[in-house]
Every structure is written in structure tokens, then in C-alpha cells.
Amino acid sequence: MSDFTASPQPQADPLIARMREFGTTVFAEMTALAVRTGSINLGQGFPDTDGPAAMLEAAVAAIRSGANQYPPGHGVPVLREAVAEHREKHYGLVYDPDHEVYVTVGATEAISATLLALVERGDEVVLFEPYYDSYAAVITLAGAVRRAVPLRLTDGRFTFDPDELRAAIGPRTRAIIVNSPHNPTGTIFNRDELSLIADLCLRHDLIAVTDEVYEHLTFDGVEHIPLATLPGMRDRTVMISSAGKTFSVTGWKTGWICAPAPLVAAVRTVKQFLTFTMGAPWQLAAAYGLRHELAWVTTLRDSLAAKRDRLITGLTQAGFEVVRPSGTYFVQTDIRPLGFTDGLDLARTLPSLAGVVAIPTQVFYDNPAYGKHYVRFAFCKKDEVIDEAVRRLAGLEKRTDTRP
């Protein structure tokens, strides 16, 4: 008789139960679809041109000069100082670069480390839907509960109902995530909206986590107002941004938080066991960018505004109903005028219908019905790419004329 004992078989799905609602991200799915079908990718929000040449050369120079080992865990001093200078110059917010500025592997890690550090199991986190998909995942990782407040189209822009926001806050609410300029709607919260959020934070003792990565990419003179600038909010806000969107270097994954020292210390406690630190050359180059390339960013903003208008014109002519964004890389389109009702179905068939990839907005909702009739297109692309996408989409209306 053999003494061999068979090893127990692994579970069919080894993923922890609370993360099973999250599969492959929609960005990976749609980018793979674009590659597989040879379609134009207006889905994932990354530019197809480089950032300022001198900043790129600063990264190269840093590599060649030997900045290739571990930098300090909280970020190289020159970047922390540049971030603090930027916050004071643009917003009048004073942060100590040694204790109130912390460098992260992009804004996504900043958000993750912040929520994992500050939110307990069973706490509730309020956020606005549609939302950047990592918010929901990291809230779940933290064992917390998300309370989503919908942004609805009102007078040409997406905004929230104040009563719905008030109703979402309860005794277990610990934090609120505020993303403005907002991805994926392109809304920029105005002072009245932010004042209401600030009032609720103060009244209920909430921490505000603000995702401001598109802070410089605003259009038509609409002002970006950091929540931390409102009375009483600096001391309870974790302010997050990055170099990626500002300087068109999304692959560098160089982000930062600004917050009171106790909140930074809490985030550091978690973040040091995630990645500890991030690439020194990109940090040094980002510091150069913040100090020397903001005029280039102004040119980028104006260029993106023109690209937005270029894409809006083409999408409108193709039969979409388009919502004009005030910021970010994206436009929301209502697909119902073309005879479609399900954005996910359309996104998956659009490559075969028109050779273009978009993102279905419904995947960014707790209640997908709110966004089922929207798809998101990115305009952070070369003009010739936008023009070719528009040319392909122009025939979509004719094809939908024959739909049963």
C-alpha cells in the first residue's frame, strides 16, 4: 500500500472573495481589443506625443549621472520642494516639504496607500459615480464600504444632487473621494459644490481624498479650485496629483500627496510596504518640469482644448450627442440618438462597426443603469488620429439606419 497522499486540489478560484467582482480592467480589455482588431484606440487616456523635451533630457541626464539606486522612501528632496513651491505659488497652500509632501508611484498608488492607511474595515467611503475604477477596488481591499453618489447631466454638465450627497453620509462614514477635474465626465466642481462638500466634511469629521491629476488641463476659463483651499479643509485633506497628465509622461508613474504631517505619516506607514520608493530619474525630471515647464503645460492645455473641439465636431456629425467637458482628456457621448442603448455592447462591437475603440461609461458605476447609454472617447491624440477616427465613425449612422 502506498504511503503517498495526494495534495489537496487548489480552489477553483483562489482570489479572495471580496475581490471577485473585479476582473480585468476595462482599459486592458479595450486596449487589447484595439490591438487585436487594428482599431484606433480612443479608449485609454494616454497621449501619443511626448512631454517637454528639456524635461525628458533631465531624466536622461539623471540616469547618466548615476541616479539609479534607491532614492529616499518619501521622495527626493528636490521634487518634494518643487511640489511644495508649486502648491504655494498656484493655490496659496503652504506645505512643509520634509513632513507634508510624499512621493508615490503615480496618483493611483497615492490613492491606494491613502485609503489603506486611513480607512478601517467596515468604514464607509463616499465617492461620486462614475468613478475612476481603482477607487472601488481599493475601498474593497481595505474592507470598507463604498457609498456612491451619482453625477447626472444637468444644464450641459454633470453634477450631484446635494440631498443625495447628504443622504450618503452616515455614522460609519470616514472619508470622501473628490475627483476634480473629474474623470470620466470632464466636470470641474465649482465653488458652491466644493463648499457643500467642505461643510459636510467639517460637520461629520470626514477626511477628504482629492484626486487632482488633471488640475492644469482645464478649458474655457473654468477654474480648478482645490478643496484644500476652502476654510478648514487643509487640515483634513489628502491632496493628490502627479506628473503624468500634467507633462504627458503617464508611463513615468510619478505622483505625490500633500497633507498635514499626521496624515502623511499614516500613508507612509502603508506605502513603504507597497513599493517603498520609486524611480529617482523620473522624480528629478518631474522636479525640473514643475519649476521650468509650466509654460509648456499652458500650450498643452490650449492644444487639448482644440483637440476636444475637433473630436466633438466629428462625433456630433456622426450622430452622437456629446457632452462638452471643462477639463481632462475625455468626452462623454450619449449613444441613444444612433439607436444604441447599451454602451458596453457598443464598445465591444464598435471596432467591427467602425474600427474605433471607446470606453463604456457604465463600468464606472455601482448602478450601471445610470451610465448605460454613455461611452467615453479620449481626445489626447494627434490631430491626424482624431481625424481618421472621425472619418471612420462618420459611417456609423448609415449602418445603424438598417438596424432592426
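From a predicted model like this one, the values you see are computed outputs, not experimental measurements.

Cut-offs used in this document
- Residues numbered from 1 in each chain as written.
- Predicted model: local features only at pLDDT ≥ 70, side-chain atom pairs only at ≥ 80, totals over all residues.
- Heavy atoms only, no water.
- Salt bridge = Lys/Arg side-chain N within 4 Å of Asp/Glu carboxyl O.
- Helix = DSSP H or I, 4+ residues; strand = E, 2+ residues; numbered from the N terminus.
- Buried < 20%, exposed > 50% of the residue type's maximum accessible area, 1.4 Å probe, protein only.
- Patch = residues over 30% accessible without salt bridge, like charges linked within 9 Å, V, L, I, M, F, W, Y side chains within 5 Å.
- Areas by Shrake-Rupley, 256 points an atom, 1.4 Å probe, with all protein chains shown as cover.
- Polar contact = N/O pair within 3.5 Å; in protein donor to acceptor, adjacent residues only side chain to side chain.
- Contact = heavy atoms within 4.5 Å.

## Remarks on the pattern of salt bridges
Here's step 1: All chains considered together, the criterion is met by 30 salt bridges.
Here's step 2: E388 is the partner of R392 in a salt bridge, and the nearest nitrogen-oxygen pair spans 3.0 Å. With a gap of four residues between them, R392 and E388 both fall in helix α13 (residues 383-393), about one helical turn apart.
Here's step 3: The partly exposed category is assigned to E388, whose relative accessible area is 24%.

## Regarding a nonpolar patch on the surface
Here's step 1: On the surface, L15, I16, L116, L141 and L274 cluster together into a nonpolar patch covering about 380 Å² of accessible area.
Here's step 2: Here L274 lies in the loop between α9 (261-271) and α10 (280-292).

## Comments concerning the side chain of H224
Here's step 1: Structurally, H224 can be placed in the loop between β7 (207-211) and β8 (237-242).
Here's step 2: A polar side-chain atom of H224 sits 3.5 Å from the main-chain carbonyl oxygen of S180.
Here's step 3: Here E212 takes part through its side chain, which lies 2.9 Å from a polar atom of the side chain of H224.
Here's step 4: Residues contacting H224, with those up to four places away along its chain left out, are Y91, S180, P181, I188, E212, E215 and T218.

## Here we look at unusual backbone geometry
Here's step 1: For the peptide bond that leads from S180 to P181, omega is -5°, which places it in the cis range.
Here's step 2: The residue after N183, namely P184, is reached through a cis peptide bond having omega 25°.
Here's step 3: Its place among the elements puts P184 in the loop between β6 (173-179) and α7 (191-204).
Here's step 4: Positive phi values are uncommon outside glycine, yet D155 reaches one of about 55°.
Here's step 5: Mapped onto the elements, D155 comes out in the loop between β4 (145-154) and β5 (157-160).
Here's step 6: In the Ramachandran plot, D205 falls in the positive-phi region, its phi being about 60° despite a non-glycine side chain.
Here's step 7: Mapped onto the elements, D205 comes out in the loop between α7 and β7.
Here's step 8: A relative accessible area of 55% places D205 in the exposed class.

Any functional reading would require information that these geometric values do not contain.
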